[in-house]
Amino acid sequence: MKLIPRSLRGISLIELLLYITVLSAVLLMLAMFLSFLVSSRIKNQSIADVNQQGLQVMQLVTQTIRNAKTIDFPGIGATSSSLSMTMHDPFLSPTVFESASGTVTIKEGSSEVIPLTNSHVAVSDLVFQNISSITSTERVVRISFTVDYKNTSGRNENSFTKSFIGSATLRQ
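Because the structure is a prediction, the values reported are computed rather than measured. (Residues numbered from 1 in each chain as written. Predicted model: local features only at pLDDT ≥ 70, side-chain atom pairs only at ≥ 80, totals over all residues. Heavy atoms only, no water.)

Asks: Can you walk me through the overall build of the protein chain in this structure?
Replies: A tally of regular secondary structure across the protein chain gives one helix and nine strands. Each helix and strand of the protein chain, placed in order from N terminus to C terminus, yields the pattern α-β-β-β-β-β-β-β-β-β. Computed over C-alpha atoms, the radius of gyration of the protein chain comes to 30 Å, more than 25% over the 16 Å expected from 2.2 N^0.38 for 172 residues, which places it beyond the range of a compact globule. The dimensions of the protein chain, computed from C-alpha atoms along their principal axes, are 115 × 35 × 25 Å. Here the protein chain holds 172 residues, and 30% of them are scored as buried. Of the contacts made within the protein chain by residues no fewer than 6 positions apart, 49% connect residues no fewer than 24 positions apart. A total of about 11100 Å² of accessible surface is found on the protein chain, and carbon and sulfur atoms cover 61% of it. (Helix = DSSP H or I, 4+ residues; strand = E, 2+ residues; numbered from the N terminus. Rg over C-alpha atoms; globule rule 2.2 N^0.38 Å. Buried < 20%, exposed > 50% of the residue type's maximum accessible area, 1.4 Å probe, protein only. Contact = heavy atoms within 4.5 Å. Areas by Shrake-Rupley, 256 points an atom, 1.4 Å probe, with all protein chains shown as cover.)

Structure below.
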């Protein structure tokens with residue numbers, strides 16, 4: 001009987017099954033890792049969008065309050081879902097912030113209503129509270145609202161909600 005050298009024999013069925021099993025395990029781990037990366041990216045994008053929109057609205061509202069001449073509505077000690085201010089520039093008076101269909105809007109003077117948030121988020125529970133004291137000349141407004149990422153796909157990664165709270169004082 002003639003012996004075949006080891007280098008010319010080929011592979012056995014057990015070796016082939018072992019190679020396929022190892023390759024399948026590696027591919028499965030790679031697929032799970034890629035799925036996790038995509039899921040994390042989507043979640044981070046949702047969080048970033050909510051944070052960006054909320055901070056942008058809060059900064060604009062507080063800056064506008066600081067630059068206002070007077071707070072017209074809500075009155076001292078009152079709470080409202082809209083804020084009306086008289087500005088130093090008569091063309092910007094009144095400046096009104098309010099929520100309409102999940103979007104925060106601003107209307108300056110006789111100009112058109114401008115949405116401040118994009119279509120990816122919904123703003124709820126927008127509250128302006130005039131926390132000024134009758135005995136003080138300082139006029140302080142507290143602002144609070146909640147921003148939700150619109151989860152149109154129903155995926156858990158797209159769910160994110162954050163509440164924003166701030167206050168601003170009119171400059172004297």
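Here the narrative resumes.
Asks: Help me understand the packing of aromatic side chains in this model?
Replies: Pairs of aromatic rings are described using the distance from one ring centre to the other and the angle between the two planes. Counting across every chain of the model gives one aromatic pair. Here Phe 145 and Phe 164 contribute two aromatic rings whose centre-to-centre distance is 5.3 Å and whose plane-to-plane angle is 20 degrees, an arrangement assigned as stacked. Of this pair, Phe 145 sits in strand 8 (residues 140–149) while Phe 164 sits in strand 9 (residues 161–169), and the two are 19 residues apart along the sequence. Looking at Phe 145, the relative accessible area reads 2%, which means it is buried. (Phe/Tyr/Trp six-rings, centres within 6.5 Å; stacked < 30°, edge-to-face > 60°.)

Asks: Sorry if this is basic, but what is going on with the nonpolar core here?
Replies: Side chains of nonpolar character tend, in soluble globular proteins, to be buried together. Counting residues in each nonpolar core, the largest one holds 26 residues, and the members touching the most others are Ile 65, Leu 83 and Phe 145. Breaking this core down by element, the ones donating at least two residues are helix 1 (13–67), strand 1 (68–73), strand 3 (82–87), strand 5 (103–108), strand 7 (121–130), strand 8 and strand 9. (Core = buried A, V, L, I, M, F, W, Y, C linked by side-chain atoms within 4.5 Å.)

Asks: Got a minute to help me understand a nonpolar patch on the surface in this structure?
Replies: Side chains of Leu 23, Leu 27, Leu 30, Phe 33, Leu 34, Phe 36 and Leu 37 sit close together on the surface and give an oily, nonpolar patch of about 700 Å² of accessible area. Relative to the assigned elements, Phe 36 resides in helix 1. According to the relative accessible area criterion, Phe 36 is exposed, its value standing at 53%. (Patch = residues over 30% accessible without salt bridge, like charges linked within 9 Å, V, L, I, M, F, W, Y side chains within 5 Å. Salt bridge = Lys/Arg side-chain N within 4 Å of Asp/Glu carboxyl O.)

Asks: Explain the sheet that holds strand 9 to me, please; I cannot follow it from the model alone.
Replies: Where strands meet in a sheet, backbone hydrogen bonds hold them as pairs that are either parallel or antiparallel. Taken together, the four strands give an open sheet; going across it, the order is 2-7-8-9, and neighbouring strands pair in antiparallel fashion. If you trace the sheet from one side to the other, it starts and ends with strand 2 (79–80) and strand 9, each paired once. Alignment of strand 7 against strand 8, held across eight bridges, turns out to be antiparallel. From the neighbouring strand, Ser 124 faces strand 8, where its bridge partner is Thr 146. (Pairing = 2+ DSSP bridges.)

Asks: Can you help me understand the environment of Asn 156 in this one?
Replies: With respect to the helices and strands, the residue Asn 156 is situated in the loop between strand 8 and strand 9. C-alpha of Asn 156 to C-alpha of Ile 131: the two residues are 25 residues apart in sequence and 38 Å apart in space.

Asks: Before we go on, may I ask you to explain the sheet that holds strand 1 in this structure?
Replies: Taken in spatial order, the five strands make up an open sheet running 1-3-4-5-6, and their pairing is antiparallel. Edge positions in the sheet fall to strand 1 and strand 6 (114–115), since each of these pairs with one other strand and no more. As defined by bridge partners, strand 3 adjoins strand 4 (residues 95–100) across four bridges and the pair is classed as antiparallel. Looking at strand 4, one finds that Ser 84 is bridged to Val 96.

Asks: Would you mind going over the environment of Ile 165 with me for this structure?
Replies: Its location among the elements puts Ile 165 in strand 9. Distance from Ile 165 to Leu 126, taken between C-alpha atoms, is 10.0 Å for residues 39 residues apart in sequence. Leaving out residues up to four positions away in the same chain, Ile 165 has contacts with Met 58, Arg 142, Ile 143 and Ser 144.

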